[in-house]
Amino acid sequence: NQAFIAWCGYTRNELIGRTTAELGFWVDGESRGKVLAQLLSTGFAGDMEIEMRRRGGEVRQIIFAGRLLETAHHRWFLSVARDITERKTMEEQIRSERETFFSVLHNAPYGIVLNYADGSLLLVNPEATAITGYTIEDVPTGRLLFSKFYPDPGHRKEVVRTWIEDVSSKSIDRVFTVVCKEGVEKDLEFRTFRLPDGKAVTMFLDITEHRRA
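Scope of this entry: the structure provided in the associated data block. All values derive from a computational prediction rather than experimental measurement.

Rules of the game
- Residues numbered from 1 in each chain as written.
- Predicted model: local features only at pLDDT ≥ 70, side-chain atom pairs only at ≥ 80, totals over all residues.
- Heavy atoms only, no water.
- Pairing = 2+ DSSP bridges.
- Helix = DSSP H or I, 4+ residues; strand = E, 2+ residues; numbered from the N terminus.
- Axes fitted to C-alpha atoms, helices over the stretch in contact; angles between N-to-C directions.
- Phe/Tyr/Trp six-rings, centres within 6.5 Å; stacked < 30°, edge-to-face > 60°.
- Buried < 20%, exposed > 50% of the residue type's maximum accessible area, 1.4 Å probe, protein only.
- Contact = heavy atoms within 4.5 Å.
- Arc of directions from axis to C-beta.
- Expected span 1.5 Å × (residues − 1).
- Bend = angle between axes of the 7 residues up to and from the residue.
- Polar contact = N/O pair within 3.5 Å; in protein donor to acceptor, adjacent residues only side chain to side chain.

Further remarks concern the sheet that holds strand 8 (residues 200-206). Judged by pairing direction, the sheet is antiparallel, and its five strands sit side by side in the order 5-4-8-7-6 without closing on themselves. At either end of the open sheet lies a strand with only one pairing partner, and these are strand 5 (121-124) and strand 6 (174-179). The sheet shows a mean angle of 30° between the axes of neighbouring strands, direction not considered. Direction of pairing for strand 4 (residues 111-115) relative to strand 8: antiparallel, over a ladder of five bridges. Pairing of Gly111 across the sheet is with Phe204, part of strand 8.

Now for the packing of aromatic side chains. Summed over the entire model, instances satisfying the criterion amount to 14 aromatic pairs. Between Tyr134 and Phe149, the aromatic rings sit 6.1 Å apart at their centres with planes inclined by 50°, giving tilted as the arrangement. Of the two residues, Tyr134 sits in the loop between helix 6 (126-132) and helix 7 (142-149) while Phe149 sits in helix 7, which places them 15 residues apart along the sequence. When its relative accessible area of 6% is taken as the criterion, Tyr134 is described as buried. Taking the relative accessible area as the measure of exposure, Phe149 reaches 3% and is therefore buried. Taken together, the ring pairs connect Tyr134, Phe146, Phe149, Tyr150, Trp163, Phe176, Phe190 and Phe204 into an aromatic cluster.

What follows covers the sheet that holds strand 3 (residues 75-83). Pairing within the open sheet is antiparallel, and its three strands lie in the order 1-2-3. Of all strands in the sheet, those with a lone pairing partner are strand 1 (44-53) and strand 3, marking the two edges. Taken pair by pair, the neighbouring strands of this sheet meet at an average axis angle of 35°, ignoring direction. Two strands pair when backbone bridges link them, and strand 1 and strand 2 (residues 59-70) are joined in this way by eight bridges, in the antiparallel orientation. By the bridge assignment for strand 2, Arg53 is matched with Val59. Each of strand 1, strand 2 and strand 3 is contacted by helix 4 (residues 29-42), which is oriented at about 160° to strand 1, the strand it contacts most. Where helix 5 (residues 85-107) meets the sheet, it contacts strand 1, strand 2 and strand 3, and its direction lies at approximately 130° from that of strand 2.

On to unusual backbone geometry, then. Even without glycine at this site, Asp47 takes up a positive phi of about 50°. Of the residues examined, Asp47 reaches a relative accessible area of 60% and is grouped as exposed.

Attention shifts here to helix 7. What helix 7 keeps buried is the set Gly142, Leu145, Phe146 and Phe149. Angular distribution of buried residues about the axis of helix 7 spans 100°; they occupy a single face of the element. Packing partners of the buried residues in helix 7 comprise strand 4, strand 5, helix 6, helix 8 (153-170), strand 6 and strand 7 (185-194).

Along its 18 residues, helix 8 runs 24 Å from first to last C-alpha, staying within 8% of the 26 Å computed at 1.5 Å per residue. The largest bend along helix 8 measures about 45° and falls at Trp163. Listed as buried for helix 8 are Val159, Thr162, Trp163, Asp166 and Val167. With a side-chain oxygen lying 3.2 Å from the backbone nitrogen of Gly154, the N-terminal cap of helix 8 falls on Asp152.

Honestly, it's all geometry; don't read function into it.
Quick look at the structure:
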């Protein structure tokens, strides 16, 4: 069709009567073999991601679907293809940025807890574990983390109130005394901020010795 002509760079006369292999569309024979094997064995190939080459040699990422059509005397392959190169490039960029983001959080020299909007934790970095003793397996939710940090219900209620009014809503630094995993109390300075997708990043420093000094 006209969309394929515009995509591949050949004219209709150059395409008709020639095979995709002759035209050099296939980047590698393995992909062509997989598509043909799927079509011949089941009569259908759906949503297969492959690379195809346009006129001039540019390689593009394609999502391919095909169906085998047969009559008593003829056999056709009906193929539908969509160019997803830009989407794949964007996905790779997002993946790279996500890896960088998590690498920064993981290696930060201060405690970091990352949680979803529903309160479940996504990350407790090594420094947070070093300070408090808790891993994400110990405290998979923010509610459980608070119950560990502030075991006294009355004190916990006051902390939650301050947290909602200052730390979460205004990103104001606040210092709270928390109970760590081994029962040791430490003074931690907290700050949190929210990401556009609703996740919250909470950072904290152990200032116990500083306050004692």
